[in-house]
Amino acid sequence: MCPLSQEYNLFWLAAGLYLPAALVTWPRLKRPSGLCSGLFWCFLAGGLVFQSLALYMRGDSRGALPLHTPFEVLQVLSWSLVLLTLLMRHLFKLRLLGSFSAGLATLLVWLSLFMPSWDPAVEVEGTAAVSPWVSFHAALAVAAYTLFAVLAMTALMYLLQDYGLRKRQAGAIYALLPSIRKLEGFNIGLLFTGLCLLTLAVAIGGLNWLSQPAQVTPWKLGVAMLVWCGYASLWWQGRFGKIRASGFALWSVVLFVAAVASLWPLTGRPGPESPVEPSMEQAE
Amino acid sequence: MNTAEGVELVLLGCSHHRVPMALREGVTLTPEQLGAEFHQRWRQRMGLVESFALATCNRLEFYAVGPTGALGDPDALCQLLPDTLDAATFKAHCYHKQGAEVVRHLFGVAAGLDSQMLGETEILGQVKAAYEQACRLDSAGALLHKLLQKTLQAAKWARSRTGIGQGQVSIGNVAAELAERVCGELPQISILLLGTGEVGKRTTEALASRGARRLTVCGRNPLKARAVAETLPGAAVLAFAQRRQALAYVDVLIGATSAPELILSAAELAPLMQTRRTRPLFAIDLAMPRDIDPAVADLDQVYLYNLDDLAAIANENLATRKREALRAEEGLHERAARLWPELSRFLARYQS
């Protein structure tokens with residue numbers, strides 16, 4: 001079996017475990033079924049193990065961090081989202097966050113697996129060719145995107161809870177969702193932390209661009225700045241009370257969708273006339 | 001025991017379904033009143049081989065394994081019971097069940113299907129405590145041990161696999177659940193009761209019973225406010241004139257005054273909400289005429305509910321529980337039918 005197909009088998013195995021993890025919680029909301037949460041965490045942890053192996057193999061074959069194609073970035077993003085959820089669940093103590101994160105990770109993983117065009121063949125230079133600052137830039141950007149993914153989930157939970165309260169809904173899901181107050185505190189904290197990381201990532205990426213302008217296209221730079229401006233503007237509006245809490249949550253979700261969509265230009269390959277481009281995807 | 005006659009599983013009891021509220025006190029006994037002495041006399045007098053008694057505020061039931069017809073006459077049983085029992089009321093309202101019907105009944109009781117508040121959980125604890133007492137007194141034999149263990153399992157099944165306990169069905173508990181959805185854990189949130197009306201007081205009591213500790217009562221009449229505060233655990237009293245300052249930090253506001261005009265307008269609250277970002281306000285208007293301007297519901301981070309809203313949620317939850325009760329009943333009947341042949345074998349063994 002060739003390494004590529006081995007990787008894909010592992011990615012599919014991970015996807016196969018994330019799916020039941022994402023589904024196992026929801027029947028309990030309709031009707032308590034007695035399914036233990038241990039099953040959920042087992043599925044999630046199992047999926048993470050297979051995904052980690054697959055990403056390791058992909059990185060090994062690249063000789064670099066697997067962040068060269070939208071497929072790889074989505075896989076890494078879902079991997080870090082699940083890892084963060086598993087590691088921080090006792091710290092966050094947010095009911096249903098694991099279920100929402102599992103849902104998002106499943107969506108990202110399955111979407112990337114069903115789109116072969118998102119994983120084109122890529123020529124990559126060895127590790128020695130890439131500046132460590134570029135690697136640092138990419139690592140920070142992935143960390144920031146992971147926090148924005150968690151933010152999108154907590155914001156979605158906020159919107160659901162807010163909807164339920166305003167529409168006088170009293171279903172089981174609303175009783176299980178965290179309180180409005182707790183979710184809002186998390187939303188603000190996650191946005192602030194994610195924005196700090198993204199600012200640092202953009203600053204390092206900017207310095208790299210100044211030193212080697214040919215390696216980063218203006219289009220890529222513009223998209224990265226747009227994402228940063230979006231989150232910075234949202235933070236500013238939230239900080240100074242210029243936006244309603246529900247609007248803040250809604251924009252957190254919209255911005256995350258936009259941030260994921262921005263992966264295509266951010267991971268785009270340079271034209272044949274351009275030199276090989278060591279940007280976010282060459283972080284390795 | 002005369003081995004020539006049949007042995008049966010029987011139940012004699014009365015509950016809130018049959019006994020009117022005014023008479024219910026008369027047929028209430030404590031588990032202590034049904035101790036070793038009672039069981040000993042009961043078993044000797046009627047020739048029982050096993051006995052079990054369940055006494056709650058709404059229910060008094062006697063389960064026994066003994067000769068056919070032993071529990072058919074409530075008179076004989078009442079003679080053994082403490083004098084505090086109103087024997088006439090018990091006899092007039094008691095029911096008698098036998099065989100598989102007893103199993104079905106006990107399963108339903110333990111699951112909360114027969115409770116006054118459908119799906120309540122307290123009854124399961126009471127059945128468990130009564131069973132523990134029966135174990136201590138050694139009044140339960142092989143059959144009742146089997147029956148009660150299966151009863152506890154069946155009740156747990158009904159609670160975990162159906163929605164009979166989902167949602168709150170009383171106004172106070174609905175308010176408490178909503179407060180938790182808005183503000184988080186009740187011990188950490190501060191509650192301001194505006195007014196000294198009974199509904200407001202009961203709602204605040206419900207919040208306190210679920211863990212709320214930071215309670216403040218504010219009324220036009222300071223004496224009445226103090227009197228209400230004294231009935232609430234750790235509650236403080238606030239002068240009516242200071243109510244607006246309190247809104248800067250209060251998480252739950254309960255409006256229950258008899259004032260003819262609005263106590264809180266949206267224009268008053270809007271600037272206060274600007275100063276308390278990430279601190280939503282849950283406002284409950286229980287007054288009629290209203291205390292809180294309905295327009296406050298349009299403010300960011302303010303969730304306004306009135307009595308009708310709370311009642312609608314309670315009724316909706318009750319309707320859900322009733323639907324789920326049918327499903328639970330079906331499952332419990334199946335379980336009872338599966339258990340009965342096993343219990344019949346115990347009866348046959350006693351008989352032989």
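Keep in mind the model is a prediction, meaning the values are calculated, not measured. (Residues numbered from 1 in each chain as written. Chains lettered and ligands numbered in written order. Predicted model: local features only at pLDDT ≥ 70, side-chain atom pairs only at ≥ 80, totals over all residues. Heavy atoms only, no water.)

Caption draft 1: Geometry of the sheet that holds strand β7 (residues 236-239) of chain B. Residue and element names in this part refer to chain B. A sheet is described by the order of its strands in space; here 6 strands give the open sequence β7-β6-β5-β8-β9-β10, paired in parallel fashion. The open sheet has two free edges, formed respectively by β7 and β10 (302-306), since each of these has just one partner strand. This sheet shows a mean twist of 20° between the axes of neighbouring strands, independent of strand direction. By the bridge criterion, 4 bridges tie strand β8 (residues 252-255) to strand β9 (residues 281-285) in an arrangement that is parallel. Each bridged residue has a counterpart across the sheet, and for V252 the counterpart in β9 is F282. (Pairing = 2+ DSSP bridges. Helix = DSSP H or I, 4+ residues; strand = E, 2+ residues; numbered from the N terminus. Axes fitted to C-alpha atoms, helices over the stretch in contact; angles between N-to-C directions.)

Caption draft 2: Representation of the packing of aromatic side chains. In this structure the tally under the stated criterion is 17 aromatic pairs over all chains. Centre to centre, the rings of W133 of chain A and F136 of chain A are 6.1 Å apart; their planes meet at 65°, and the pair counts as edge-to-face. With W133 of chain A and F136 of chain A both in helix α6 (residues 132-166) and 3 residues apart, the pair spans about one turn of that helix. Residue W133 of chain A is classed as exposed on the basis of its relative accessible area, which comes to 54%. According to the relative accessible area criterion, F136 of chain A is partly exposed, its value standing at 38%. Through pairs of rings, three or more aromatic residues link up here, namely F38, W42, F62 and F90 of chain B. The residue whose ring lies beneath R239 of chain A is F240 of chain A, and the NZ or CZ to ring-centre distance is 5.3 Å. Between the NZ or CZ atom of R335 of chain B and the centre of the ring of W157 of chain B, over which it lies, the distance is 4.2 Å. (Phe/Tyr/Trp six-rings, centres within 6.5 Å; stacked < 30°, edge-to-face > 60°. Buried < 20%, exposed > 50% of the residue type's maximum accessible area, 1.4 Å probe, protein only. Lys NZ or Arg CZ within 6 Å of the ring centre and 35° of its normal.)

Caption draft 3: Just a nonpolar patch on the surface, in detail. Residues W12, F114 and M115 of chain A make up a contiguous nonpolar surface patch of about 290 Å² in total accessible area. Following the sequence through the fold, W12 of chain A ends up in helix α1 (residues 3-24). (Patch = residues over 30% accessible without salt bridge, like charges linked within 9 Å, V, L, I, M, F, W, Y side chains within 5 Å. Areas by Shrake-Rupley, 256 points an atom, 1.4 Å probe, with all protein chains shown as cover. Salt bridge = Lys/Arg side-chain N within 4 Å of Asp/Glu carboxyl O.)

Caption draft 4: Here's a closer look at the interface of chain B and chain A. Between chain B and chain A, the contact holds 34 residues from the first and 30 residues from the second. In terms of surface lost to chain A, no three residues of chain B exceed R181, R277 and Y303 of chain B, which account for 29% of the buried area on that side. D251 of chain B is paired through a salt bridge with R181 of chain A; the nearest N and O atoms lie 2.9 Å apart. On inspection of chain B and its partner chain A, the count reaches 15 residue pairs in polar contact (both at pLDDT 80 or more). Sort the elements by how many residues they give to the side of chain B that touches chain A and helix α8 (residues 171-183) of chain B lands first, with 6 residues. (Contact = heavy atoms within 4.5 Å. Buried area = accessible area lost by both parts, 1.4 Å probe. Polar contact = N/O pair within 3.5 Å; in protein donor to acceptor, adjacent residues only side chain to side chain.)

Caption draft 5: Main features of helix α13 (residues 307-351) of chain B. Bending of α13 of chain B peaks at approximately 30° at the position of W340 of chain B, with proline P341 of chain B no more than four residues after it. With a side-chain oxygen lying 3.0 Å from the backbone nitrogen of D308 of chain B, the N-terminal cap of α13 of chain B falls on N306 of chain B. (Bend = angle between axes of the 7 residues up to and from the residue.)

Caption draft 6: Local environment of the sheet that holds strand β2 (residues 50-56) of chain B. All names here are of chain B. With antiparallel pairing, 4 strands are arranged side by side in an open sheet as β2-β3-β1-β4. A single partner strand is all that each edge strand has here, and the edge strands are β2 and β4 (95-98). On average, each strand axis in the sheet is tilted by 15° relative to the strand beside it, whichever way the strands run. When strand β1 (residues 7-15) meets strand β3 (residues 59-67), the two strands line up antiparallel, connected through 9 bridges. Each bridged residue has a counterpart across the sheet, and for C14 the counterpart in β3 is L60. Its contacts with the sheet put helix α2 (residues 36-46) on β2 and β3, and the angle it makes with β2 is roughly 130°.

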